[in-house]
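Below, each chain spelled out in residue letters.
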Amino acid sequence: MKALLGRFFASPTLTWYMGKKFVLTSFGVLAALVLILQTLDLLGESGNILAYPGNGQAELWQYVSLRMPQLIARFLPFAVLLGALITFVTLNQNSEIIAMKSAGVSAHQILTPLIVASIGIAALSFAFNERIVARATGTLNAWEAAEYGPIPKDRGVVSNVWVRAGDDLIHADQASGRGAGVKLANVTVYDRIGGTLETIISAESGRYDRGGWLLEKVRRFDVTRGVASDLPSLTVARGVAPDRFTLSNVNADERNFLDLRTAIADLQAAGRPTEALEAGLWHKISGPISSVLMPLLAGVAAFGLARSGRLFIRAVIGMALGFTYFVADNFGLAMGNIGAYPPLLAAWGPPILFLLIGETVLIRTEE
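Everything numeric here is computed off the predicted structure, so don't read it as measured data.

A. How the structure looks around the environment of alanine 237. By the secondary structure assignment, alanine 237 is in the loop between strand S6 (227-236) and helix H6 (243-246). Among the residues examined, alanine 237 registers a relative accessible area of 18% and is labelled buried. Spatially, the C-alpha atoms of alanine 237 and glutamine 268 are 17 Å apart, while their sequence positions differ by 31 residues. Residues within four places of alanine 237 in sequence aside, it is in contact with Ile170, Gly211, Gly212 and Trp213.

Quick look at the structure:
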């Protein structure tokens, strides 16, 4: 076991020294970034907040408490990248990298303490996003929609609802209520067999009743025969759960991983497109994991003689690699949102690609 650990870690003392230096630097950079960006953001938004009658200093601090988690989540990978670059540049300038290499420490052993620390940061980031950021995002979006006034109570009313039940399509102008108490208004059922429209059923209202939907004041039109008939009531769509009608717009940023996965399953059962949400679901994991890549991409600044005059160029290359990753990550997520990329490729393509790029650069420059 010691031999195996020795292949990855140079020594406990060196590992602790480098890991501590990297973590403190990264969080210091994060604090500075968030402080500056939060100040600028508040200056730009304070006018809208105070425009609502009665809002004052308390509402400004409430905005800060809701906005700051978003800034922390978004810029944590940037802070890790800059923290790794600063750590490596400092170690190189002080000839500590040369001392490690002279002692037989490989490039990967130098990187390992930072990568292990970044794994911990990624786990912390995932937990922070799940427990705090998702809730803060949902509350802030609702507050912004209310123009920073009182947030209206969600009454569970959804308009213009479409649900697929096998080959049939069901449309309701409005769905209200929760669970078995869901009620539909102005319902239209398009009864299809093998993709061919057979019957159109219209009803003024509908309610969930013993596993099906009981429609009232029904008008039924037989498409093939061209015959219409009126019925007092009719039960249709057996097996269609009420939640499939009450699903409103789902925002991936406002839900944690488990809630979003459940919502995606419900939307798929209702026959609605979920590619954008699936990309957002997987990005909840691949996003925090991007912090693990930052030491590898910044590693180009660790090696090479500082006195050669190329240390600054190496640091710029490391920063360029890191920022190119963020551009590629945002581009992949945007392509996933519009359905141009499969969800897994949109979320995991950039991390895998830049893992290979980082390893290639490291091997060619040092190993």
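B. Fine view of the sheet that holds strand S3 (residues 183-193). Taken in spatial order, the 6 strands of this open sheet run S1-S2-S3-S4-S5-S6, and their pairing is antiparallel. Both outer strands of the open sheet, strand S1 (158-165) and S6, are each paired with one neighbouring strand and no more. With strand direction ignored, the average angle separating the axes of adjacent strands in the sheet is 20°. Relative to S3, strand S2 (residues 168-176) is paired through 7 bridges, and the arrangement is antiparallel. Its bridge partner being in S3, alanine 175 is matched across the sheet by leucine 184.

C. Structural view of a nonpolar patch on the surface. Taken together, the side chains of Phe312, Ile313, Val316 and Ile317 make up a nonpolar region of the molecular surface, amounting to roughly 390 Å² of accessible area. Topologically, isoleucine 313 is positioned in helix H9 (residues 311-337).

D. Geometry of the packing of helix H3 (residues 57-93) against helix H5 (residues 107-145). Direction vectors running N to C along H3 and H5 enclose 160°, while the axes themselves pass 9 Å from each other. It follows that H3 is roughly antiparallel to H5 by the angle criterion. The hand of the H3/H5 crossing is left-handed. Taken together, the residues that form the contact of H3 with H5 break down as 19 nonpolar, 6 polar and 3 charged.

E. Fine view of empty space enclosed by the protein. Within this structure, the stated rule accounts for 1 cavity of 30 Å³ or more. Roughly 30 Å³ of internal volume is contained in the largest cavity. Contributing elements (two or more residues each) for the lining of the largest cavity: S3 and strand S5 (212-222). The dominant element in the lining of the largest cavity, judged by the number of residues it contributes, is S3, at 3 residues. Class assignment for the residues of the lining of the largest cavity results in 9 nonpolar, no polar and no charged.

Conventions we followed
Residues numbered from 1 in each chain as written. Predicted model: local features only at pLDDT ≥ 70, side-chain atom pairs only at ≥ 80, totals over all residues. Heavy atoms only, no water. Helix = DSSP H or I, 4+ residues; strand = E, 2+ residues; numbered from the N terminus. Buried < 20%, exposed > 50% of the residue type's maximum accessible area, 1.4 Å probe, protein only. Contact = heavy atoms within 4.5 Å. Pairing = 2+ DSSP bridges. Axes fitted to C-alpha atoms, helices over the stretch in contact; angles between N-to-C directions. Patch = residues over 30% accessible without salt bridge, like charges linked within 9 Å, V, L, I, M, F, W, Y side chains within 5 Å. Areas by Shrake-Rupley, 256 points an atom, 1.4 Å probe, with all protein chains shown as cover. Salt bridge = Lys/Arg side-chain N within 4 Å of Asp/Glu carboxyl O. Parallel < 35°, antiparallel > 145°, perpendicular 65-115°, else oblique. Left-handed = near helix turned anticlockwise from the far one by under 90°. Nonpolar A, V, L, I, M, F, W, Y, C, P; charged D, E, K, R; others polar. 1 Å grid on protein atoms, 1.4 Å probe; cavity = no way out; pocket = protein on both sides within 12 Å on 5 of 7 lines; lining within 4 Å. Points joined across faces, edges and corners; volume = space filled by probe spheres on them.

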